[in-house]
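Structural overview
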Amino acid sequence: MLIIKIMESEIKQFMSYLIKEDKFDSFETRGIEITMFTKINISCAVEKDFYENKEDLPDFCSWSLLKPYVFNIIKGNTRPKNMKIVFSFKDTKEIHDNAKALFLNILFDNNMILCTTATSQINFSLDKNVDFSWEDYIKGFFKNLGIAFSIE
């Protein structure tokens with residue numbers, strides 16, 4: 001597991017990339033929790049019974065689909081008390097053959113953003129190469145965005 005702290009000077013730009021731009025749109029969203037005057041939980045699982053044609057539906061909603069709803073919830077003069085978004089990466093084989101699921105958790109709390117990574121493997125292994133490959137990908141992703149961060 002990798003813990004990345006977004007530098008305080010980068011929080012506004014990071015949130016713009018997250019909420020207003022398409023930088024995170026390639027991720028599936030597993031869950032969202034926003035605490036303001038009340039706690040709002042969104043499971044992000046696709047309700048397949050909602051659709052007539054159920055073929056080729058993903059299990060989870062894309063961030064691009066959910067982003068406008070999240071923006072409408074948090075916009076205004078008062079920042080959320082905290083917000084947690086759990087992303088997963090769709091193209092696991094791009095990272096490692098044994099990757100079953102690759103997660104990026106984003107936590108905004110007390111005017112600080114922490115991002116953590118997690119992995120799940122297809123076959124049990126003590127080998128940490130799936131973890132290392134995913135961590136390298138995420139560090140490169142943030143570097144490509146030009147976001148300054150520290151490893152905690």
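A brief report on the enclosed structure follows. (Residues numbered from 1 in each chain as written. Predicted model: local features only at pLDDT ≥ 70, side-chain atom pairs only at ≥ 80, totals over all residues. Heavy atoms only, no water.)

Remarks on the overall build of the protein
Applicable threshold: Each helix is a run of DSSP H or I of at least 4 residues and each strand a run of E of at least 2, with the numbering of both proceeding from the N terminus. Any residue under 20% of the maximum accessible area for its type is buried, any over 50% is exposed, and the rest in between are partly exposed; the area is computed with a 1.4 Å probe on protein chains only. When checking whether two residues touch, look at their non-hydrogen atoms; a contact exists if any pair is within 4.5 Å. Note on areas: Shrake-Rupley with a 1.4 Å probe; residue coverage comes only from the protein chains shown. Counted charges follow a simple rule, with Lys and Arg positive, Asp and Glu negative, and His plus the chain ends left uncounted. Here the site of a charge means atom NZ of a Lys, CZ of an Arg, CG of an Asp or CD of a Glu.
Of regular secondary structure, the protein possesses 4 helices and 7 strands. In the protein, the order of α-helices and β-strands from amino to carboxyl end is β-α-β-β-α-β-α-β-β-α-β. When the backbone C-alpha atoms are referred to their principal axes, the protein occupies close to 45 × 45 × 25 Å. Taking all 152 residues of the protein together, 40% fall into the buried category. Long-range pairs, those at least 24 residues apart, make up 63% of the contacts in the protein with a sequence separation of at least 6. Just so you have it, the protein exposes about 9,200 Å², and 50% of that area is on carbon and sulfur atoms. Each charge class in the protein was averaged separately, 19 positive and 22 negative side chains, and the resulting centres sit 6 Å apart.

Digging into helix α2 (residues 63-74)
Spelled out, the test is: What a helix is expected to span follows from its residue count: subtract one and scale by 1.5 Å. Within this analysis, the arc is defined by the directions that extend from the helix axis to the C-beta atoms.
End to end, α2 covers 15 Å across 12 residues, agreeing with the expected 16 Å (1.5 Å per residue, within 8%). For α2, the complete set of buried residues consists of W63, L66, K67, V70 and I74. Angular distribution of buried residues about the axis of α2 spans 120°; they occupy a single face of the element. Where the residues of α2 are buried, they touch α1 (11-19), β2 (27-35) and β4 (82-89). Positive backbone phi, approximately 130°, marks G76, located one or two places after α2.

Observations concerning the sheet that holds β2
Our working definition: Pairing between two strands is assigned when DSSP locates at least 2 bridges connecting them. The angle between two axes is taken between their N-to-C directions and runs from 0 to 180 degrees, where each axis is a line fitted to C-alpha atoms and a helix contributes only its stretch in contact.
The strand order across the open sheet formed by 7 strands is β3-β2-β4-β5-β6-β1-β7, and the pairing between neighbours is antiparallel. Two strands in the sheet have a free side with no partner beyond their single neighbour: β3 (39-42) and β7 (149-151). In this sheet, adjacent strand axes meet at a mean angle of 20° when their direction is disregarded. By the bridge criterion, 10 bridges tie strand β5 (residues 99-109) to strand β6 (residues 112-121) in an arrangement that is antiparallel. From the neighbouring strand, D109 faces β6, where its bridge partner is M112. Docked against the sheet, α2 engages β2, β3 and β4, running at close to 15° with respect to β2. The sheet contacts of helix α4 (residues 129-145) involve β1 (3-6), β2, β4, β5, β6 and β7, and relative to β6 the element is tilted by about 145°.

Quick notes on the pattern of salt bridges
We apply this condition: A carboxyl oxygen of Asp or Glu within 4 Å of a side-chain nitrogen of Lys or Arg is what we treat as a salt bridge.
Applying the stated rule across the entire model yields 5 salt bridges. K67 is paired through a salt bridge with D25; the nearest N and O atoms lie 2.9 Å apart. You can see K67 sitting in helix α2 and its partner D25 sitting in the loop between α1 and β2, a full 42 residues away along the chain. The class of K67 is buried, set by a relative accessible area of 9%. K139 is the partner of D136 in a salt bridge, and the nearest nitrogen-oxygen pair spans 3.7 Å. Placement of both D136 and K139 in helix α4 is noted, with a separation of 3 residues, approximately one turn of the helix. By relative accessible area, D136 is classed as partly exposed at 48%. For K139, a relative accessible area of 25% translates into the label partly exposed.

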